[in-house]
Amino acid sequence: MDVQGTVAAGWEPVRDAFLRNFEQRGERGAAVAVHRDGVPVVDLWAGTRDVEGDAPWTEDTAQVVRSATKGVAAVVPLLLHQRGLLDLDAPVAAYWPEFKAAGKDRVTVRQLLAHRAGVPVLDRPLTLAEAVDLETSTRAVAAQAPVWEPGTAHGYHAHTFSWLLSGLVHRATGRTIGRWVAEEITGPLGLDLWIGLPDAEAHRVGRLGPVEEIEPPGSGALKLRPKRSVTEAYRDPASLTRRAFGVIDPKPDENDPVYRAAELPGSAGVATARALARFYAATLGPVDGAERLLAPETLTLARTEESAGADRVLLVGTRFGLGHMLHGPASPLLGPSSFGHPGRGGSLGFADPDSGIAFGYVTNGMRKTVTADPRAQSLVRAVRAVTDAGAGH
């Protein structure tokens, strides 16, 4: 496998781990990028741009990153709060009056972001056309009755997070979330990252597809074989798990231009690994002269735990801040200060304030993993080894 790109001195273990993913874990096409203290130290890509095909992955190839989009989108309410435009402890209905329906009048912005609102499902799933229409989708989630008393528990709002956050941001700012991200974050930072892919950039995006589950013996990878109860929940049409992942029916084709162009901040973002890493670097400090995104007190909010323990949807222990997943057994990041988000099947982006690390990984080969893909984890272990050794400065 011909690995392209650069690694700074001391960061060669990440290149070695990236190569092993192709040699031992069935990787088809992927990229990984790492910043330390705002400086790029890893920028690598290899394989094919499409999971089935032979056209090479190039320096500017982008991919749908699934729920890794949530980590980018979650910075929007943090920035609105930082600017005095959003009160985290106000009822969502203060900004979005229709949301108070069906017993949700006391749901706070904080609870919504921390997956505590109790609406991970819809009584009637949406078609793709309905899901990508802002008015239809937000009206549906606003009318939905919670399936647990809001604030008393948490459960991953896998897809409804898109409409909850879209509705809140649109009502609070008058702009769609994709437009807000483009104008306030990705444009100023020069990021190849979109929530709502423009037609002019569609030619850069590779095709996703399933890949074989391969894990070499003695690899040190997490042994996250699902418990029987989890496996059964994904098979049971009546379970919260199955319903939460099935709120768009029929299941959308993520290679469909309509899906990629949709402003679905929970699932349909498109990005390069370089853009994910640079985005998270900007949450920690200045990057190439651009001002840092998050003030110190807002950065503290981003890494502060809001939900922890048994997840009513994923049925494992999860940790969430204000929209970000936090480091823990179900979703290991770099360390206790890390915040970010994985994408089901592969992609991962996060920041680690304690070490100054910002990380981005994207792939076109989708595995069945939800929160901890072995390929991403092998790269994170390599980054940790470098930082623990005090190398790579």
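The model shown is predicted, which means the values in this text are computed figures rather than measured ones. (Residues numbered from 1 in each chain as written. Predicted model: local features only at pLDDT ≥ 70, side-chain atom pairs only at ≥ 80, totals over all residues. Heavy atoms only, no water.)

Peer 1: When you look at the overall build of the chain in this model, what are you seeing that I'm missing?
Peer 2: Each helix and strand counted, the chain has 14 helices and 14 strands in total. Against the globule reference of 21 Å for 393 residues, the chain gives a C-alpha radius of gyration of 19 Å, in line with a compact fold. Each of the three principal axes of the chain carries a C-alpha extent, and together these read 55 × 45 × 40 Å. For the chain, the residues scored as buried account for 59% of the 393 residues in total. The contacts of the chain with a sequence gap of at least 6 include a subset with a gap of at least 24, amounting to 69%. Accessible surface computed for the chain: about 15,100 Å², of which carbon and sulfur atoms make up 51%. Of the charged side chains in the chain, 42 are positive and 46 negative, and the gap between their average positions amounts to 5 Å. (Helix = DSSP H or I, 4+ residues; strand = E, 2+ residues; numbered from the N terminus. Rg over C-alpha atoms; globule rule 2.2 N^0.38 Å. Buried < 20%, exposed > 50% of the residue type's maximum accessible area, 1.4 Å probe, protein only. Contact = heavy atoms within 4.5 Å. Areas by Shrake-Rupley, 256 points an atom, 1.4 Å probe, with all protein chains shown as cover. Lys, Arg positive; Asp, Glu negative; His and termini not counted. Charge placed at Lys NZ, Arg CZ, Asp CG, Glu CD.)

Peer 1: Just checking my understanding: could you explain helix H1 (residues 12-24) for this structure?
Peer 2: Think of an α-helix as turning once every 3.6 residues; residues three or four places apart then point the same way. Taking 1.5 Å of rise per residue, 13 residues should cover 18 Å, and H1 covers 18 Å from first to last C-alpha, within 8% of that figure. The complete set of buried residues in H1 reads Val14, Ala17, Phe18, Leu19, Asn21 and Phe22. Close packing links the buried residues of H1 with strand E2 (29-36), strand E3 (39-47) and helix H14 (374-388). Two residues or fewer after H1 comes Gly26, characterised by a positive phi angle close to 75°. (Expected span 1.5 Å × (residues − 1).)

Peer 1: Just checking my understanding: could you explain the side chain of Ser355 for this structure?
Peer 2: Mapped onto the elements, Ser355 comes out in the loop between strand E12 (348-352) and strand E13 (357-363). Here Ser355 is in contact with Arg36, Asp37 and Leu334, once residues within four sequence places are set aside.

Peer 1: Teacher, can you tell me more about the sheet that holds strand E4 (residues 63-64) here?
Peer 2: Hydrogen bonds between backbone atoms are what pair the strands of a sheet, whose relative direction is either parallel or antiparallel. If you walk across this open sheet you meet the 3 strands as E4-E7-E5, and the pairing is antiparallel. Only two strands of the sheet have a single neighbouring strand rather than two, namely E4 and strand E5 (193-194). (Pairing = 2+ DSSP bridges.)

Peer 1: I'm lost on the packing of helix H3 (residues 75-82) against helix H8 (residues 177-189) in this one. Help?
Peer 2: Axes are the key here: two packed helices are described by the angle between their axes and the distance separating the axes. Their axes nearest at 11 Å, the elements H3 and H8 cross at an angle of 65°. Judged on the interaxial angle alone, H8 and H3 are roughly perpendicular. Viewed along their axes, H3 and H8 form a crossing whose handedness is left-handed. Here H3 contributes Val75, Val76, Leu79 and Leu80 to the contact with H8, which in turn contributes Ile177, Trp180, Val181 and Ile185. Counted by class, the contact of H3 with H8 contains 8 nonpolar, no polar and no charged residues. (Axes fitted to C-alpha atoms, helices over the stretch in contact; angles between N-to-C directions. Parallel < 35°, antiparallel > 145°, perpendicular 65-115°, else oblique. Left-handed = near helix turned anticlockwise from the far one by under 90°. Nonpolar A, V, L, I, M, F, W, Y, C, P; charged D, E, K, R; others polar.)

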